[in-house]
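Read off the chains here:
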Amino acid sequence: MKTEMIYLDTRDAQCAPPAFSEAIVKGIAPSGGLFVPNQLPTLTLAEILVFAEMPYWRRAASIFSRFGVDMSDDRVDALMKQAYGSQWDDERIAPVAEVTADMHVLELWHGPTSAFKDMALQCMPLFFSESVDQLRARGQADEDYLILVATSGDTGKAALEGFADREHTNIVVFYPADGVSDIQRKQMVTQRGSNVGVFGVRGNFDDCQSAVKAAFADEPFNAELRDENNLRLSSANSINWGRLLPQIVYYVSAYADMVASGGVIAGEPMDVCVPTGNFGNILGAYYAKLLGVPIGRLLCASNENNVLTDFIATGVYDISDRDFVNTPSPSMDILISSNLERLLYHLAGPEKVRDWMIELARDKRFQVDRETFASLRTSFSGDFVTNDESLQVIRRVYDDFGYLMDPHTAVAWEVAERLRGDDPVLVVSTAHWAKFGADVFRALSGLAGSADLPAHVSSMSGVELLGQVQEIAGDCACVPRALAELDAATERFSEVVDAGREGVENAVRSWLA
Ligand SMILES: *Cc1c(COP(=O)(O)O)cnc(C)c1O
């Protein structure tokens, strides 16, 4: 039997709650808040443990069905088989590697773009497209959708790959022309698909993001797209519930796999340590804990952009006097962790969340009340790692255990070692090392994060540099085929446009023409 589930607004208890399909197409609630489920299912230990015997797609379908997805079970099964199929380089999809007896690593990068974003973005676009189909069938919509994405690197490629050739959707991605690595740029500009576009922007990631936001907010531009192209703008960012739900699956899955491999005793807790930026991944772990997965503590790992470390230590979220720092883990370089709002909703309810979000926008800071802080502290601990430390960790873990990790994972590994107690720890690994080859090369060569590369490698392409890492690390360092073939792939998109709203809007117009 299916549970009736609807989605509430984190800032407004009065909002007319949509079902899953509408929540995923809308993305954000009318008040500016985020959608959260009105009730949470629970899983018994036995229900969790049988996951170990199922293929991953079935694990995902099982979790989705408990969240009242308004689609038939057959349809959900079919979409999940497609989402978690042969495009992954490991049929387990999200395998757990035992690095030491009490430190396991959950590898979330076996998807087509080698980053954890694939876990959600191989799945969410299928459900998005299906949801649009349903809305059209019910006569509630007749437009197609244009997804606009501003990216600092990983999200853009994963979104392109997820939305490529999906019905009723188009996707255009904007990246900072001088702000992404050679490999990240090539991954995007070689994207296949007839409904995709990619533009560089003269400026940094902030410039990209504010230009895309301005285009979303521009009423005449929205009207023009509707009238002339029958298109509605949408976003695929990590606050969409359709991206969060797939991120609950792998924590249930990982616990079952840990029990099956003897990493944890059935029913006993494991701690989870997550390299965190927008708070989406670790929130998946929190939901899994609420569902009944025996997760002890949630360890929130940050880099030098450590606003979350301070928040978990003090209950004060303060960005009023904080500069954005560039780090070797750029996907965690963030000041406002949007998904934190969902956690605060579950701890404190919509009235308080609304007030705190108003304070954050106005004063660039808010402080939670004492009860909320106390309940936060029962589940979460946090710490941060400096740029140089993160590279030293890569070297140390490689030397000690023969396991090569990327700089994001290294941040989590270090925090897990510092904060761990008696329970086994699951360290969450969010990128294949080869996506960040230059810093992995620096790490293995004993260089600092900011150091220039030595002359003999500085003129190499990103892919050639991976070969240098392989010369040092040998068998520990295989490169995913899609990355290895990048230098030979045809570049389809070369245009670089001006920053600002007009630059983005004109790029969209020229792409549509
Ligand atoms: C997106 C990303 C993160 C941060 O995940 P959040 O869900 O935003 O906390 C960490 N590592 C990598 C490699 C990522 O791509």
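Every value quoted in this text rests on a predicted model; they were computed, and no experiment measured them. (Residues numbered from 1 in each chain as written. Predicted model: local features only at pLDDT ≥ 70, side-chain atom pairs only at ≥ 80, totals over all residues. Heavy atoms only, no water.)

Q: Before we go on, may I ask you to explain the packing of helix 19 (residues 437–444) against helix 21 (residues 462–473) in this structure?
A: What describes two packed helices is the angle between their axes and the distance between those same axes. Two elements in contact, helix 19 and helix 21, have axes whose closest approach is 9 Å; the angle formed by their N-to-C orientations is 35°. Pair helix 19 / helix 21 crosses with left-handed handedness. Residues Gly 437, Ala 438, Val 440, Phe 441 and Leu 444 of helix 19 form the contact with helix 21, whose participating residues are Leu 465, Leu 466, Gln 468, Val 469, Ile 472 and Ala 473. Across the contact of helix 19 with helix 21, the residue classes break down as 9 nonpolar, 2 polar and no charged. (Axes fitted to C-alpha atoms, helices over the stretch in contact; angles between N-to-C directions. Helix = DSSP H or I, 4+ residues; strand = E, 2+ residues; numbered from the N terminus. Left-handed = near helix turned anticlockwise from the far one by under 90°. Contact = heavy atoms within 4.5 Å. Nonpolar A, V, L, I, M, F, W, Y, C, P; charged D, E, K, R; others polar.)

Q: Would you mind showing me how to read the domain arrangement of the protein here?
A: Domain annotation of the protein identifies domain 1 (96–114 + 242–429), domain 2 (144–229 + 489–513) and domain 3 (435–479). Taken together, the contact pairs 15 residues of domain 1 with 17 residues of domain 3. By the criterion of area lost to domain 3, the three top residues of domain 1 are Leu 391, Tyr 398 and Leu 404, representing 42% of everything that side buries. Summed over the shared surface of domain 1 and domain 3, the number is 0 salt bridges. Here domain 1 is connected to domain 3 by 2 residue pairs in polar contact (both at pLDDT 80 or more). The element that contributes the greatest number of residues to the side of domain 1 that touches domain 3 is helix 17 (residues 387–401), accounting for 5 residues. A class-by-class count of the residues in the side of domain 1 that touches domain 3 yields 8 nonpolar, 4 polar and 3 charged. (Domains from an automatic or database assignment. Buried area = accessible area lost by both parts, 1.4 Å probe. Salt bridge = Lys/Arg side-chain N within 4 Å of Asp/Glu carboxyl O. Polar contact = N/O pair within 3.5 Å; in protein donor to acceptor, adjacent residues only side chain to side chain.)

Q: Looking at this model, I keep getting lost on the site of the ligand. Mind explaining?
A: Around the ligand sit 15 residues, and of these Lys 117, Gly 277, Asn 278, Asn 281 and Thr 430 come closest. The contact in question runs from an oxygen atom of the ligand to an N or O atom on the backbone of Gly 280, over 3.2 Å. Between the ligand and Asn 281, the relevant distance is 2.9 Å, taken from an oxygen atom to a main-chain nitrogen or oxygen of the residue. A class-by-class count of the residues in the shell around the ligand yields 5 nonpolar, 8 polar and 2 charged. (Near = heavy atom within 4 Å.)

Q: Help me out: how do you make sense of the sheet that holds strand 8 (residues 231–234) in this one?
A: Strands in a sheet are paired, the pairing made by backbone hydrogen bonds, and the direction either parallel or antiparallel. Pairing within the open sheet is parallel, and its 5 strands lie in the order 8-5-6-7-15. Strands with a single pairing partner mark the edges of an open sheet, and in this sheet they are strand 8 and strand 15 (496–498). If you compare each strand with its neighbour and ignore which way they point, the axes differ by 30° on average. As judged from the 6 bridges shared by strand 6 (residues 169–176) and strand 7 (residues 196–202), these two strands associate in the parallel manner. Note on strand 7: the bridge partner recorded for Pro 176 is Val 201. Helix-sheet contacts for helix 7 (residues 154–163) involve strand 5 (144–150), strand 6 and strand 7, and the interaxial angle to strand 6 is about 165°. (Pairing = 2+ DSSP bridges.)

Q: What's the story with the nonpolar core in this structure? I'm lost.
A: As a rule of thumb, nonpolar side chains are buried together in soluble globular proteins. Counting 111 residues, the largest nonpolar core has Phe 20, Met 80, Tyr 84, Leu 106, Phe 127 and Val 272 as the members making the most contacts within it. Looking at this core element by element, the count peaks at 13 residues for helix 11 (residues 241–260). Counting contributing residues per domain, this core is built from domain 1 (96–114 + 242–429) and domain 2 (144–229 + 489–513), each supplying no fewer than three. Residues contacting Leu 106, with those up to four places away along its chain left out, are Ala 94, Pro 95, Val 96, Tyr 250, Tyr 251, Ala 254, Leu 426, Val 427, Val 428 and Ser 429. Core analysis: the next-biggest nonpolar cluster, separate from the first, contains 44 residues, Leu 299, Leu 391, Ile 394 and Ala 473 among them. (Core = buried A, V, L, I, M, F, W, Y, C linked by side-chain atoms within 4.5 Å. Buried < 20%, exposed > 50% of the residue type's maximum accessible area, 1.4 Å probe, protein only.)

Q: Hey, could you run me through the sheet that holds strand 3 (residues 96–100) in this one?
A: Spatially, 6 strands are ordered 3-4-14-9-10-13 in an open sheet, and the strand pairing comes out mixed. Single-partner strands in this sheet number two, and they are strand 3 and strand 13 (380–384). Between one strand and the next, the sheet's axes are offset by a mean angle of 25°, whatever the strand orientation. Pairing of strand 3 with strand 4 (residues 103–107) involves 4 bridges; the strand directions are antiparallel. Following the sheet pairing, Thr 100 is matched in strand 4 by Met 103. Sitting on the sheet, helix 12 (residues 280–291) is in contact with strand 9 (270–275), strand 10 (295–302), strand 13 and strand 14 (425–429), with an inclination near 170° to strand 10.

Q: How do you make sense of the side chain of Gln 134 when you look at a structure like this?
A: Tracing the backbone through its elements, the reader meets Gln 134 in helix 6 (residues 124–137). Apart from the residues lying within four places of it in its own chain, the contact partners of Gln 134 are Ser 21, Asp 70 and Met 71.

Q: Looking at this model, I keep getting lost on the environment of Val 307. Mind explaining?
A: With respect to the helices, strands and loops of the structure, Val 307 is situated in helix 13 (residues 307–314). Counting along the chain gives 77 residues from Val 307 to Phe 384, while the straight-line C-alpha distance between them is 9.4 Å. Residues in contact with Val 307, not counting those within four places in the same chain, are Tyr 317, Asp 318, Ile 319, Arg 322, Ile 334 and Leu 335.

Q: I'm lost on the pattern of salt bridges in this one. Help?
A: Think of it this way: side chains of opposite charge can pair up when their charged atoms draw near. This structure, assessed with the given rule, holds 34 salt bridges. Residues Asp 257 and Arg 59 are paired through a salt bridge, measuring 3.2 Å at the closest nitrogen-oxygen approach. Of the two residues, Asp 257 is situated in helix 11 and Arg 59 in helix 3 (residues 56–66); the sequence distance between them amounts to 198 residues. In this structure Asp 257 comes out as buried when scored by relative accessible area, which is 19%. When salt bridges that share partners are traced, they join Asp 383, Glu 389, Arg 396, Glu 414, Glu 417 and Arg 418 into one network.

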